[in-house]
Amino acid sequence: MAERKIEWPENGDLVIATIESVTDYGAYAKLDEFDKRGLLHVSEISSSWIRNIRDFVREGQKVVLKVLRVDSEKGHIDLSLRRVTKRERIEKVMSWKKERKGETLLREVATKVGLTVDELYQQAGEKIDEKFGIYEGFEKAVKEGPESLTKIGVPEKIATAFAEVGEDRIHVKMVKVKGVLEIRCMKPNGVKIIKEAFAAAKVEKLRTADVKFYVIAAPKYSIEASAENYKKAEEVFQKAAQSVVASITKAGGQGTFRREK
């Protein structure tokens, strides 16, 4: 995917690097995302006193570094380790891993639709990368279906392949929201009305949203909504619970619900 590769990093960028050699005055590191080499001066390795540089960095080690200065004409890049916070390091590593996985999945899609990776990137990957990011595009296709990609101009065949590969290779974490329904219907066919109310509880059709009901002890029932985030889970919970209560009330019964904290 050479089309989207940036040749040089910018000042302040966080980069993934591999330590290639260690000297008395610092270390030389290869910037994995740019195929460039930079200097990590001893003064930028740690804020504390350094007795032995190899106590902090060693050959072959993967590290997150901050770009201090870039001189593209001379080919010099100055780097820092001590200026990278713990949170920045964690977030950069996670982002880098997602990017690498996205590229791996993109190659699988290319094979599936009979294109080279470059052809696939030109026809669809560039649009997805610009709008969501490659890995995030796969997540989007899993959560919302191929139409989430076709609406930004991705051909249907490729969008479908994105969704299929994503479903096989990406585990979407689900969160749950729980609550209690208390419903009564004294009609002769009350049990049937309650069952139908549960069956009719409609939720938005999403691949990563679900709602379930469990009997606690009549007239109390547990309701459990699952989705990819708390906002969506809460939305699913509210819609389903309101639907049940509305159905019971319409049939002449009574119903209330509450969200568990």
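Refer to the structure printed above.
Below you will find a few notes about this structure. (Residues numbered from 1 in each chain as written. Predicted model: local features only at pLDDT ≥ 70, side-chain atom pairs only at ≥ 80, totals over all residues. Heavy atoms only, no water.)

## Structural notes on the packing of helix α1 (residues 86-113) against helix α2 (residues 117-131)
It is the contact of α1 with α2, at a shortest axis distance of 9 Å, that shows an interaxial angle of 95 degrees. Taken together, α1 and α2 sit at an angle that is classed as roughly perpendicular. Residue-level contacts link L106, R107, V109 and A110 of α1 to V117, L120 and Y121 of α2. For the contact of α1 with α2, the class distribution of residues is six nonpolar, no polar and one charged. (Axes fitted to C-alpha atoms, helices over the stretch in contact; angles between N-to-C directions. Helix = DSSP H or I, 4+ residues; strand = E, 2+ residues; numbered from the N terminus. Parallel < 35°, antiparallel > 145°, perpendicular 65-115°, else oblique. Contact = heavy atoms within 4.5 Å. Nonpolar A, V, L, I, M, F, W, Y, C, P; charged D, E, K, R; others polar.)

## A few points about the side chain of S148
Along the chain, S148 falls in helix α4 (residues 147-150). Residue classification places S148 among the buried positions, given a relative accessible area of 2%. Only 3.4 Å separates the side chain of S148 from the backbone oxygen of K140, close enough to count as a polar contact. Among all residues touching S148, those that are not within four sequence positions of it are F132, K140 and A141. (Buried < 20%, exposed > 50% of the residue type's maximum accessible area, 1.4 Å probe, protein only. Polar contact = N/O pair within 3.5 Å; in protein donor to acceptor, adjacent residues only side chain to side chain.)

## Regarding the environment of V42
Secondary-structure assignment places V42 in the loop between β3 (36-41) and β4 (62-71). Placed 40 residues apart in sequence, V42 and R82 show a C-alpha to C-alpha distance of 10.0 Å. Setting aside chain neighbours within four positions, we find V42 in contact with Y25, G26, I50 and I53.

## What about unusual backbone geometry?
In the segment running from A218 into P219, the intervening peptide bond is cis, with an omega of 15 degrees. Looking at the secondary structure, you find P219 in the loop between β7 (210-217) and β8 (220-227).

## Digging into the sheet that holds strand β6 (residues 175-184)
One open sheet accounts for four strands, arranged β7-β8-β6-β9; its pairing is antiparallel. Every other strand in the sheet has two partners, leaving β7 and β9 (254-259) as the edge strands with one partner each. Neighbour-to-neighbour, the strand axes of this sheet turn through a mean angle of 25 degrees, independent of strand direction. Relative to the sheet, helix α6 (residues 190-200) contacts β6, β7 and β8, its axis offset from that of β6 by approximately 155 degrees. Packing against the sheet, helix α7 (residues 230-250) makes contact with β6, β7, β8 and β9, and its axis sits at approximately 10 degrees to β6. (Pairing = 2+ DSSP bridges.)

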